[in-house]
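Examination of the molecular architecture
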Amino acid sequence: MNFPEPRSRVYFYFGRGSKEDVFDFKGKYDVRAGYQQMISAIRNRGDHLPTAFFIANDPMAIGSLKALHENNIRVPEQVSLIGFNDVSVSQYTVPALSTVKVYTEVMGEEGVALLLERINSREIPKKVRLGTKLAIRESSK
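Residues numbered from 1 in each chain as written. Predicted model: local features only at pLDDT ≥ 70, side-chain atom pairs only at ≥ 80, totals over all residues. Heavy atoms only, no water.

The terminal C-alpha atoms of helix 4 (residues 104–119), which comprises 16 residues, lie 22 Å apart, in line with the 22 Å expected from a rise of 1.5 Å per residue. Immediately downstream of helix 4, the backbone of Ser121 shows phi near 100°, a positive value. (Helix = DSSP H or I, 4+ residues; strand = E, 2+ residues; numbered from the N terminus. Expected span 1.5 Å × (residues − 1).)

Right, here's the structure in full:
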């Protein structure tokens with residue numbers, strides 16, 4: 001299967017093992033795309049929306065939240081939303097957006113450290129895994 005963006009591949013394979021239906025809405029990774037994709041989901045699925053959406057990033061989740069609100073779909077009572085990145089505005093949406101926090105500062109520090117190691121003679125590639133943290137707020141139950 002051909003994926004236009006690496007994140008699409010990750011989300012596709014992450015959901016494949018699920019017993020629930022997986023819906024993959026494609027587009028850009030911005031607020032407008034999140035809004036438009038949720039409007040599309042509402043039109044296509046009607047009263048049969050999934051009970052939860054894990055959305056690729058917080059701006060898209062914020063756009064999705066607006067689309068749900070405009071269509072009188074209550075979050076989290078009818079649909080739960082979880083974003084990704086924990087942008088600062090996420091805690092100020094109504095309802096406050098649940099999200100996965102990515103420690104980007106640590107990611108940058110580790111990237112620089114890896115680069116310096118390679119410059120200073122390390123020849124063997126090194127893999128680094130950094131943790132994330134789920135911030136449960138009002139948009140999910």
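Let's shift gears to the pairing of strand 2 (residues 80–85). As judged from the 3 bridges shared by strand 1 (residues 52–54) and strand 2, these two strands associate in the parallel manner. Looking at strand 2, one finds that Ala52 is bridged to Ser80. Note that the unit made of strand 1, helix 3 (residues 58–70) and strand 2 has a crossover that is right-handed. Where strand 2 and strand 3 (residues 98–102) come together, 4 bridges link them in parallel fashion. Counterpart to Gly83 in the pairing with strand 3 is Thr99. (Pairing = 2+ DSSP bridges. Right-handed = clockwise from strand over helix to strand, strands pointing away.)

Enumeration according to the criterion identifies 1 aromatic pair in this entry. Between Phe54 and Phe84 the ring centres are 6.2 Å apart and the planes differ by 85°, which places this aromatic pair in the edge-to-face class. Taken together, the residues span a long stretch of sequence, with Phe54 in strand 1 and Phe84 in strand 2 at a distance of 30 residues. With a relative accessible area of 41%, Phe54 lands in the partly exposed category. A residue is classified by how much of its surface remains accessible, and Phe84, at 24% relative accessible area, is partly exposed. (Phe/Tyr/Trp six-rings, centres within 6.5 Å; stacked < 30°, edge-to-face > 60°. Buried < 20%, exposed > 50% of the residue type's maximum accessible area, 1.4 Å probe, protein only.)

This part takes up the nonpolar core. Nonpolar side chains tend to gather and get buried jointly when the protein is soluble and globular. Within the largest apolar cluster, 19 residues are counted, with the highest numbers of intra-cluster contacts made by Met38, Leu49, Phe53, Leu68 and Leu81. At the level of secondary structure, the elements contributing two or more residues to this core comprise helix 2 (31–45) and helix 3. For this core, the element with the most residues is helix 3, which contributes 5 residues. Residues contacting Met38, with those up to four places away along its chain left out, are Phe53, Ser64, Ala67, Leu68 and Leu81. (Core = buried A, V, L, I, M, F, W, Y, C linked by side-chain atoms within 4.5 Å. Contact = heavy atoms within 4.5 Å.)

By the secondary structure assignment, Ser80 is in strand 2. Residue classification places Ser80 among the buried residues on the basis of a relative accessible area of 7%. With residues near it in sequence (within four places) discarded, Ser80 still touches Thr51, Ala52, Phe53, Ser139, Ser140 and Lys141.

Attention now moves to the pattern of salt bridges. Applying the stated criterion across every chain yields a total of 4 salt bridges. Close ionic contact of Glu117 with Lys126 constitutes a salt bridge, the shortest N to O distance being 3.3 Å. By relative accessible area, which is 28% here, Glu117 ends up partly exposed. We classify Lys126 as partly exposed; its relative accessible area is 45%. (Salt bridge = Lys/Arg side-chain N within 4 Å of Asp/Glu carboxyl O.)

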